[in-house]
Structures are given as C-alpha cells and as structure tokens.
Amino acid sequence: MNSSKNPNDDLKERASQLFLKHYEMIRSIAIQIAPNRHCQEDILQDAFVNFVQKANQWDLDSDVRPLLKKITRNAGLVHWHQYVRNLPETLRKIAEQIQAEAARRGDDEIRFNTDEKIEALEICKKRLTERCQLLIEAYYVNGIPCKDLAKDANVPVNTIHQALSRIRSVLKECIDNTLRGGKERL
C-alpha cells in the first residue's frame, strides 16, 4: 500500500487554507460586484476553484491578496456580463458605458451590479428631459452613430459626444444621490 501523497494535493490544500484565511476580503469584493447573494456565491465559488486548481502556478509563500483580488474581480466581471445580458436593452447599454468609463478612470465605486442600482438607473433615466431620453434611446438602443445624430440635429459631432457624456455624468450623480436616499433633481 502506497501512502505517499501527491505534491499537488498539498499545494491545493495550502491554497484552500489561504483562500479561507482571506475569505472576508474576497467576500467583500464579491459583495461590491454582485447584484445579489446568489451571484456573490457564484463569484466566490469561481474564484475559489480558479485559485485552487491553479495552485501550482502561484507563489503561495508570497502575499496572495492581490492575486485573490484579481481572480475575484475577474470572476465578478464574468458574472456581471451575464447579469447585464438580462437587463432591458437601454439600461444595459447605459450601464456598460458608465461601467467602462469608470474602469478607465479607475473608479471602483461605480458598479451597476445590484438590483438597487439598476432600479436607481431606471428612476434617473425617467427624470431626464425628453430630449436627453431621445438622445440616449437613439444612440444606445437604436445604435445611431454620433455623426448621424449630429447631422440630423445640424450640430457638430463633438456636441453629441459632449451631450452623451453629460447625460452619463448626470445619471451617475443621480444614481449616487438616489442610493444615498437623496431626492436630487435632474
């Protein structure tokens, strides 16, 4: 009878222990990203499986927190995209655009990934002027390019870009205020 253990089993056990050691940090990232408890659990499970299955690729003797954060965020992005696919088209496109802009700025606080934030986006969209609603509908839903919108409105293309940027900023501010319980008007 051979009682020798596979070295990979030891690495996987160590990786499991490290994951559990940093579970609260990982869980807080999943909570920031996830729209609901079920999605949070999926993110945590995916992060755990990814980390443990690739244990032989990681330096488990170094600080693994940055690696765990990255793995968790990547799992969250996968689940975010799955969640967003189920949103109404206009909200999905606006949310993706604001999320992308936030990522480019490194703004980790903007996350359209909770039911409350999506609800706030719906409320704030309704508060926009009719002209703004028509513009985001034309651009995000109908996919009309900015140059065509500018031509139809007889304005420079940059004017359309600026208007869309201002609308996204207004929506972000409105959403933040709505979530904080403010009754900020657009």
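Heads up: these notes are all about the structure in this document. As the structure is a prediction and not an experimental result, all values here were calculated from the model. Each chain carries its own residue numbering, running from 1 in the written order of its sequence. Thresholds applied to this predicted model are a pLDDT of at least 70 for local features of residues and 80 or more for the giving and counting of side-chain atom pairs; totals over whole chains, interfaces and linings are not thresholded and use all residues. For the side-chain quantities, the full set of heavy atoms in the structure was used; hydrogens and water were omitted.

1. Focus on the layout of surface pockets
No. 1: In this analysis, the protein atoms alone were mapped onto a 1 Å grid. Cavities are point sets where a 1.4 Å probe fits without being able to get out; pockets are open sets with protein on both sides within 12 Å along at least five of seven lines; lining residues have an atom within 4 Å of a point. Grid points are joined across faces, edges and corners, and a volume is the space filled by probe spheres set on the points. By volume, the largest pocket amounts to about 420 Å³.
No. 2: Elements that contribute at least two residues to the lining of the largest pocket include exactly α7 (130-141), α8 (146-153) and α9 (157-179).
No. 3: Among the elements that make up the lining of the largest pocket, the one with the highest residue count is α9 (six residues).
No. 4: For the lining of the largest pocket, a count of residues per class yields 13 nonpolar, two polar and four charged. Only DSSP runs of H or I reaching four residues or more are called helices, and only runs of E reaching two or more are called strands; each is numbered from the N terminus. Polarity classes work like this: nonpolar for Ala, Val, Leu, Ile, Met, Phe, Trp, Tyr, Cys and Pro, charged for Asp, Glu, Lys and Arg, and polar for all others, with Gly in that last group.

2. Comments concerning the packing of α7 against α9
No. 1: At their nearest, the axes of α7 and α9 sit 11 Å apart, and the two run at 110° to each other. Classed by the angle they form, the pair α7 and α9 counts as roughly perpendicular. Across the interface between the two elements, C132, L135, I136, Y139 and Y140 of α7 pack against I160, A163, L164, I167 and R168 of α9.
No. 2: Residues that form the contact of α7 with α9 fall into these classes: nine nonpolar, no polar and one charged. Fitting a line to C-alpha atoms yields each axis, with helices limited to the stretch in contact; the angle taken between N-to-C directions then spans 0 to 180 degrees. Oblique is the label for any angle not under 35 degrees, not over 145, and not in the 65 to 115 range, which are roughly parallel, roughly antiparallel and roughly perpendicular in turn. We call two residues contacting when some pair of their heavy atoms lies within 4.5 Å.

3. Re α7
No. 1: To estimate how far a helix should extend, the number of its residues minus one is multiplied by 1.5 Å. The end-to-end C-alpha distance of α7 is 15 Å, a good match for the 16 Å that 12 residues give at a rise of 1.5 Å each.
No. 2: For each residue, the accessible area found with a 1.4 Å probe, counting protein chains only, is set against the maximum for its type, and the residue is called buried under 20%, exposed over 50%, and partly exposed in between. Where α7 is concerned, the buried positions are L135, I136, A138 and Y140.
No. 3: Two residues or fewer past α7, G143 is found with a positive phi of approximately 70°.

4. Digging into the packing of helix α1 (residues 7-21) against helix α3 (residues 37-53)
No. 1: The N-to-C vectors of α1 and α3 enclose an angle of 145°; their axes lie 8 Å apart at closest approach. The way α1 lies across α3 gives a crossing that is right-handed. For the pair formed by α1 and α3, the contact residues are K12, A15, S16, L18 and F19 on the first element and L44, A47, F48, F51, V52 and Q53 on the second.
No. 2: Looking at the contact of α1 with α3, its residues break down into eight nonpolar, two polar and one charged. Each crossing gets its handedness from the near helix: less than a right angle anticlockwise from the far helix is left-handed, clockwise is right-handed.

5. Structural notes on the environment of N158
No. 1: Within the secondary structure, N158 sits in helix α9.
No. 2: Residue classification places N158 among the partly exposed residues on the basis of a relative accessible area of 47%.
No. 3: C-alpha separation for the pair N158 and K147, spaced 11 residues apart in sequence, amounts to 8.7 Å.

6. Section: the side chain of H22
No. 1: Within the secondary structure, H22 is located in the loop between α1 and α2 (23-33).
No. 2: Judged by relative accessible area, which is 14%, H22 ranks as buried.
No. 3: When sequence neighbours within four positions are dropped, the list of residues in contact with H22 reads V64, R65 and L68.

7. Looking at the state of the cysteines
No. 1: When two cysteine sulfur atoms lie within 2.5 Å, the pair is treated as a disulfide. Considering all chains together, one arrives at one disulfide under this definition.
No. 2: Note that C124 is cross-linked by a disulfide to C174, the S-S spacing being 2.1 Å. Its torsion about the S-S bond being -85°, the disulfide of C124 and C174 is classed as left-handed. Pair noted here: C124 is in helix α6 (residues 115-127) and C174 is in helix α9, with a separation of 50 residues, a long-range link.
No. 3: A relative accessible area of 0% means that C124 is categorised as buried.
No. 4: C174 gets classed as buried once you look at its relative accessible area, which sits at 2%.

8. Remarks on the pattern of salt bridges
No. 1: For this document, the term salt bridge refers to a Lys or Arg side-chain nitrogen within 4 Å of an Asp or Glu carboxyl oxygen. With the rule as written, the count across this model stands at four salt bridges.
No. 2: For D61, the salt bridge goes to R14, with nearest N and O atoms at 3.3 Å. Separated by 47 residues along the polypeptide, D61 in the loop between α3 and α4 (65-84) and R14 in helix α1 bring together distant segments of the chain.
No. 3: In this structure R14 comes out as partly exposed when scored by relative accessible area, which is 33%.
No. 4: Residue D63 pairs with R65 through a salt bridge whose shortest N-O separation is 2.9 Å.
No. 5: Looking at D63, the relative accessible area reads 44%, which means it is partly exposed.
No. 6: Classification of R65 by relative accessible area gives partly exposed; the value is 39%.

Don't take any of this as a statement about function, it's just geometry.
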